[in-house]
Amino acid sequence: MAHFAQLDENNTVLQVLVIGNDDTSDENGNEVEAIGVEFCKSLFGSNTIWKQTSYNTKGGEHLLGGTPFRKNYAAIGFKYDETLDAFIPPKPFPSWTLNEDTCLWEAPIPMPTDDKDYIWNEENQTWDEINDE
């Protein structure tokens, strides 16, 4: 199975499809992005824009030890950056910056690692502990 993200004219992901191997493979059984793109265009129109994405890639790492692909698995609302050849999630807060190695957003200060739950407070630029009470 292969996954393909449809992009709008601003490179924003509109949807992600799962495509069968028969519709993405060449005569030797090798997965080829261009074949998958043409299959998607046959379904949704020749003027649609498609990029392949990897379900097992996050932060520039393949979760199963394989080769990472386009930094992150695409999801609706993500942007495809042509220069970085990466899918980037929406920026969660104005103060956060993009780590171009992972293509994930990072807070100005790291979240505490004490096994408690935190939420980012943009106004105070702090991680606030979540109380379950």
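The rules behind these values
Residues numbered from 1 in each chain as written. Predicted model: local features only at pLDDT ≥ 70, side-chain atom pairs only at ≥ 80, totals over all residues. Heavy atoms only, no water. Pairing = 2+ DSSP bridges. Helix = DSSP H or I, 4+ residues; strand = E, 2+ residues; numbered from the N terminus. Axes fitted to C-alpha atoms, helices over the stretch in contact; angles between N-to-C directions. Contact = heavy atoms within 4.5 Å. Phe/Tyr/Trp six-rings, centres within 6.5 Å; stacked < 30°, edge-to-face > 60°. Buried < 20%, exposed > 50% of the residue type's maximum accessible area, 1.4 Å probe, protein only. Salt bridge = Lys/Arg side-chain N within 4 Å of Asp/Glu carboxyl O.

Asks: A description of the sheet that holds strand E1 (residues 2-7) should follow, citing residues and the corresponding values.
Replies: Read from one edge of the open sheet, three strands run E2-E1-E3, paired in antiparallel fashion. Strands at the two margins of the open sheet, each flanked by one partner only, are strand E2 (13-19) and strand E3 (49-53). Here the average twist between neighbouring strands, direction ignored, is 30°. Pairing of E1 with E2, which is carried by six bridges, proceeds in the antiparallel orientation. If you follow Ala 5 over to E2, its bridge partner there is Val 16. Packing of helix H1 (residues 33-44) onto the sheet brings it into contact with E1, E2 and E3, and relative to E3 it is tilted by some 135°.

Asks: Quick one: what's the story with the packing of aromatic side chains, residue by residue and with numbers?
Replies: Scanning all chains against the criterion turns up seven aromatic pairs. Taken together, a centroid distance of 6.1 Å and an interplanar angle of 80° make the contact between Trp 96 and Trp 120 edge-to-face. Note that Trp 96 is positioned in the loop between strand E7 (86-88) and strand E8 (97-99) and Trp 120 in strand E10 (residues 118-121), a separation of 24 residues in sequence. Accessibility expressed as a relative area gives 7% for Trp 120, which makes it buried. Judged by centre distance (6.0 Å) and plane angle (55°), the ring pair of Trp 96 and Trp 127 falls under tilted. Separated by 31 residues along the polypeptide, Trp 96 in the loop between E7 and E8 and Trp 127 in strand E11 (residues 126-129) bring together distant segments of the chain. Both residues of the pair, Trp 96 and Trp 127, belong to the buried class.

Asks: Tell me about the environment of Glu 61, residues and numbers included.
Replies: With respect to the helices and strands, Glu 61 occurs in strand E5 (residues 61-62). Using a relative accessible area of 54% as the deciding quantity, one classes Glu 61 as exposed. Linking Glu 61 and Lys 71, residues 10 residues apart in sequence, is a C-alpha distance of 7.0 Å. Ignoring any residue separated from it by four or fewer positions in sequence, one finds Glu 61 in contact with Asn 56 and Pro 68.

Asks: Could you give an account of the pattern of salt bridges, with specific residues and numbers?
Replies: According to the stated counting rule, one finds two salt bridges in the structure shown. Of the charged contacts, one joins Asp 85 and Arg 70 as a salt bridge, the two residues approaching to 2.7 Å between their closest N and O atoms. Placement of Asp 85 in the loop between strand E6 (79-81) and E7 and of Arg 70 in the loop between E5 and E6 is noted, with a sequence separation of 15 residues between them. Given the relative accessible area of 32%, Asp 85 is considered partly exposed. Looking at Arg 70, the relative accessible area reads 10%, which means it is buried. In this structure, a network of salt bridges that share partners links the residues Glu 33, Arg 70 and Asp 85.

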